[in-house]
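# Observations on chain architecture
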Amino acid sequence: MTEIYVIRHVQAEGNLYRMCQGHWDGGVTPMGVLQRDALAERFKNIHVDAVYSSDLYRARFTASAITKYHDLPIIPDSRFREICLGPWEARYFGNLRREDGENFRQFIFDQPAFSLPGAETYAQVTERAYPALCEIAQKHDGQTIVLTTHGVTIRCLLCKIGGIDLRDNEHLPIFMNTGVARLFYDQGRFTIDYATDYSHLSPVLQHGMKGPDLRHECIDPAREADYYQHCYE
């Protein structure tokens, strides 16, 4: 049986500023550094045999939490990247909500219907990430591995494993930064032991992980009050 810890990356610039990240390879925030340190302490005394990561910086940086106390290489794999959002990448959620409202609604609430020219679908993320997860689980039979990856990618994987419909917003696994899931793989089948665990983070490190949906625009002083009233919409 293989034991697999799946971890969402630390807070990155796109998380703080509420921007679509996708394959956009931004940096991490000071809070993200502190989250990485807390994650390192959580895994300090857990035996780990291998560390895999999306090849994007925010995920590789998160993987360094594991290698702080475990002398292991970080194995990057592009199949574990976040969903590619094409023309949306590095754009503010607030602008997208206003300018492309129906596609944005589908992206958040009706994922199987989401289809944007130049972007991946949720199904395509599953089609690349799930076989990769099976591959590393089989390769490390009887061992413990850690995988650092991304929010949508984790959601697709856990929905596939748990038989959850992506439209099931009540049971959909939503991971904040450095959320941990533990999976087991045995005889060709995954089971979920737990998910969305943040026990390593203090309340301070959990606070502020999600900000308002801002917009990138010049603000007319006469409209300033209206802007702040509606910037979350």
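To start, this report covers the structure provided alongside it. What you see is a predicted model; the values in this text were computed from it and never measured. (Residues numbered from 1 in each chain as written. Predicted model: local features only at pLDDT ≥ 70, side-chain atom pairs only at ≥ 80, totals over all residues. Heavy atoms only, no water.)

Taking 1.5 Å as the rise per residue, helix H6 (residues 122-139) with 18 residues should run 26 Å; its terminal C-alpha atoms sit 26 Å apart, in good agreement. Inspection of H6 places Tyr 122, Val 125, Thr 126, Arg 128, Ala 129, Ala 132, Leu 133, Cys 134, Ile 136 and Ala 137 among the buried residues, and these make up the whole buried set. (Helix = DSSP H or I, 4+ residues; strand = E, 2+ residues; numbered from the N terminus. Expected span 1.5 Å × (residues − 1). Buried < 20%, exposed > 50% of the residue type's maximum accessible area, 1.4 Å probe, protein only.)

Okay, the environment of Gly 142 next. With respect to the helices and strands, Gly 142 occurs in the loop between H6 and strand E4 (144-149). Considering only alpha carbons, one finds Gly 142 and Met 1, 141 residues apart in sequence, at a separation of 4.7 Å. Excluding anything up to four places from it in sequence, Gly 142 contacts Met 1 and Thr 2. (Contact = heavy atoms within 4.5 Å.)

Let us look at helix H3 (residues 57-67). Listed in full, the buried residues belonging to H3 are Arg 58, Ala 59, Phe 61, Thr 62, Ala 63, Ala 65 and Ile 66. Looking at the buried side of H3, the elements it contacts are strand E1 (2-8), helix H2 (30-43), strand E2 (50-53), strand E3 (74-76) and E4.

Contact geometry of H6 with helix H7 (residues 151-162) gives a least axis separation of 9 Å together with a crossing angle of 75°. Comparing their axes, H7 and H6 come out roughly perpendicular. Every residue of H7 that contacts H6 at Tyr 122, Val 125, Thr 126, Ala 129, Tyr 130 and Leu 133 is listed here: Val 152, Thr 153, Arg 155, Cys 156, Leu 157, Lys 160 and Ile 161. Here the contact of H6 with H7 is composed, by residue class, of 9 nonpolar, 2 polar and 2 charged. (Axes fitted to C-alpha atoms, helices over the stretch in contact; angles between N-to-C directions. Parallel < 35°, antiparallel > 145°, perpendicular 65-115°, else oblique. Nonpolar A, V, L, I, M, F, W, Y, C, P; charged D, E, K, R; others polar.)

A side chain of one charge can pair with a side chain of the opposite charge when the charged atoms of the two come close. Per the counting criterion, the structure on display carries 10 salt bridges. Across the salt bridge formed by Glu 99 and Arg 91, the nearest N and O atoms sit 2.5 Å from each other. One connected set of salt bridges, linked through shared partners, spans Glu 3, Arg 182 and Asp 193. (Salt bridge = Lys/Arg side-chain N within 4 Å of Asp/Glu carboxyl O.)

H3 packs onto H2 with a crossing angle of 35° between their chain directions and a minimal axis gap of 7 Å. Like other packed secondary-structure pairs, H2 and H3 cross with a definite hand, here right-handed. Two secondary-structure elements touch here, H2 through Gly 32, Val 33, Arg 36, Leu 39, Ala 40 and Phe 43 and H3 through Phe 61, Thr 62, Ser 64, Ala 65 and Ile 66. In terms of residue class, the contact of H2 with H3 is made up of 7 nonpolar, 3 polar and 1 charged. (Left-handed = near helix turned anticlockwise from the far one by under 90°.)

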